[in-house]
Amino acid sequence: MPCKALRGLLNVAPSGQYRALCAAASITDVYDVAIVGAGLTGAALAAGLGSKKITRGLRVALIDRQEPAAIGPPLLDAPANRVSTLTPASVKFLTDVGAWPEIAPPRSAPFCRMQVWDSAGSGFIQYDAAHLSNATMGHVAENGVIQHALMQRLLPNVDRLWPETVQSLQLPPYSQSQWPGTLQAGSAYASLHLQNGRTISAKLVVGSDGGNSKVRQMAQLRTVSWSYKQRGLVATVATDIPNTSALQVFLPNGPLALLPVRDGFSNIVWSTTAAHAAELEAMTPDSFVQAVNMALSRGPSPSSLLGRFVGRQASAAQFEEPPLITRTVGQPPKSFPLVLCHAGRYVRPRLALIGDAAHTVHPLAGQGVNLGFGDVKALVEAVAYAAETGMDIGDITLLQGHYEGPRQRANVRMIAALDGLKRVFEPQAGLSARLRNVGLGLLNELPFAKDRIMQYAMGQ
């Protein structure tokens, strides 16, 4: 528990109190942090605050429209369709908050190799974790498994408010001239008005409610966004041999990824046109399997371009043939729209956005959740810094300097890289397509360049 001086400064209520969710409409509760959205990033923030001694005593509200699904050991059903690729940086974060033991294999699947190729030619590139002296490049885990593990790390100071909907948000008036520095004690808190009539006041409201964030809209934070005019289709499949690599082929309509998941199964993420996605969803299981196998085998078999140029086959890069898909398992294939969205501002006084509420990216490199966990880590550290130095955790200067600035720089770099990669592999013909294939092959023969790209993708 914090010392008396710190408790007086932060106005922290005693931990361990669990408030009844059916509180009367006239009751107003005061929290240090109110998190709207109990998905991966929201649950991670609540768990992250509880993992640090200096922030463990903060009173936290975790609000969601629905109760998170319970997932208990062992996992007897087939893996769910929605999965995330966790980089080593994300694994370290999850380890630090104590959630990783509930996500680690056999509940997730590691991979140490990645291969990307172009269906329109012979260019391909491979990455191997061993080149960086790493055991793995990452792990693939079901979103439900990650969320469940994070929920197990919540301390009694977290009030779980669900099912509950935020009806309105009130923030202090804001202009650059009004907020030149640290907030004074007693400054107006943010207020959340819930559907059941309850009102919650908080020193910091965090929007973690997804790409269509209601909190972002109520805070009037503008975004830059556009639709890729595609849908991402996900499915779980069985293969003739266990798949231990992350494989991705760029097709005329978009990329198709085959990722290992637990129990020897694989996950498919296929970005394609809306019409094609609807066609795939309507197929019989056998027809769907046939369509995926045809897509994975499309185009001439890649070989080392630079090796051909010098009259030899390169020993370091032999193309890995994809395994044969044998059947679909679990939930039927399901698609969702693909958009890019980025908030111009992540913060206002007493407000911060994290995860998809702040930025939504194309899934072709599986970086969405990793960017979100990067946000969470930075915000936890910002709140901890405020607790240590006596700053108000909702202070705009704190939020801009310790959270928004560094995270926007990191996220914009990744968003630009992913959007650029997506555009490079859009349908092309003639010289452009040939240059793209030559470029892939040449890059595959340049270890230094490959290692730098791999380090960036792994969050190192």
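None of the values given here were measured: they were computed from a predicted structure.

What counts as what
- Residues numbered from 1 in each chain as written.
- Predicted model: local features only at pLDDT ≥ 70, side-chain atom pairs only at ≥ 80, totals over all residues.
- Heavy atoms only, no water.
- Pairing = 2+ DSSP bridges.
- Helix = DSSP H or I, 4+ residues; strand = E, 2+ residues; numbered from the N terminus.
- Contact = heavy atoms within 4.5 Å.
- Axes fitted to C-alpha atoms, helices over the stretch in contact; angles between N-to-C directions.
- Salt bridge = Lys/Arg side-chain N within 4 Å of Asp/Glu carboxyl O.
- Buried < 20%, exposed > 50% of the residue type's maximum accessible area, 1.4 Å probe, protein only.
- Parallel < 35°, antiparallel > 145°, perpendicular 65-115°, else oblique.
- Left-handed = near helix turned anticlockwise from the far one by under 90°.

A. Seen up close, the sheet that holds strand β14 (residues 254-260). An order of β6-β5-β13-β14-β15-β12-β16-β19 is seen for the eight strands of this open sheet, with the pairing classed as mixed. Looking at the sheet topology across the chains shown, the edges are occupied by β6 (124-128) and β19 (359-360). Relative to strand β13 (residues 245-251), strand β5 (residues 113-118) runs parallel, the two being bridged by six bridges. Each bridged residue has a counterpart across the sheet, and for Trp 117 the counterpart in β13 is Val 249. Where helix α7 (residues 285-296) meets the sheet, its contacts fall on β5, β12 (223-239), β13, β14, β15 (266-272) and β16 (325-343), and the angle it forms with β16 comes to roughly 65°.

B. Region of interest: the pattern of salt bridges. All told, the structure shown has twelve salt bridges when counted by the stated rule. When the shortest N-O distance is used, the salt bridge between Lys 92 and Asp 96 registers 3.0 Å. Highlighted residues: Lys 92 and Asp 96, both in helix α3 (residues 88-96), separated by four residues, approximately one helical turn. The class for Lys 92 is exposed, based on a relative accessible area of 52%. Between Asp 263 and Arg 262 there is a salt bridge, with the nearest N and O atoms lying 2.7 Å from each other.

C. Here's a closer look at helix α4 (residues 143-151). With eight of its nine residues buried, α4 lies for the most part within the structure. Asn 143, Val 145, Ile 146, Gln 147, His 148, Ala 149, Leu 150 and Met 151 are the residues of α4 that are buried.

D. Structural context of the packing of helix α2 (residues 40-51) against helix α9 (residues 368-389). Contact pair α2 / α9: the axes reach a minimum separation of 9 Å and the direction vectors enclose 30°. On the basis of the axis angle, α2 is roughly parallel to α9. Crossing angle aside, the handedness with which α2 passes α9 is right-handed. Across from Leu 40, Thr 41, Ala 44, Leu 45, Gly 48 and Leu 49 in α2, the residues of α9 making contact are Val 369, Gly 372, Phe 373, Val 376, Leu 379, Val 380 and Val 383.

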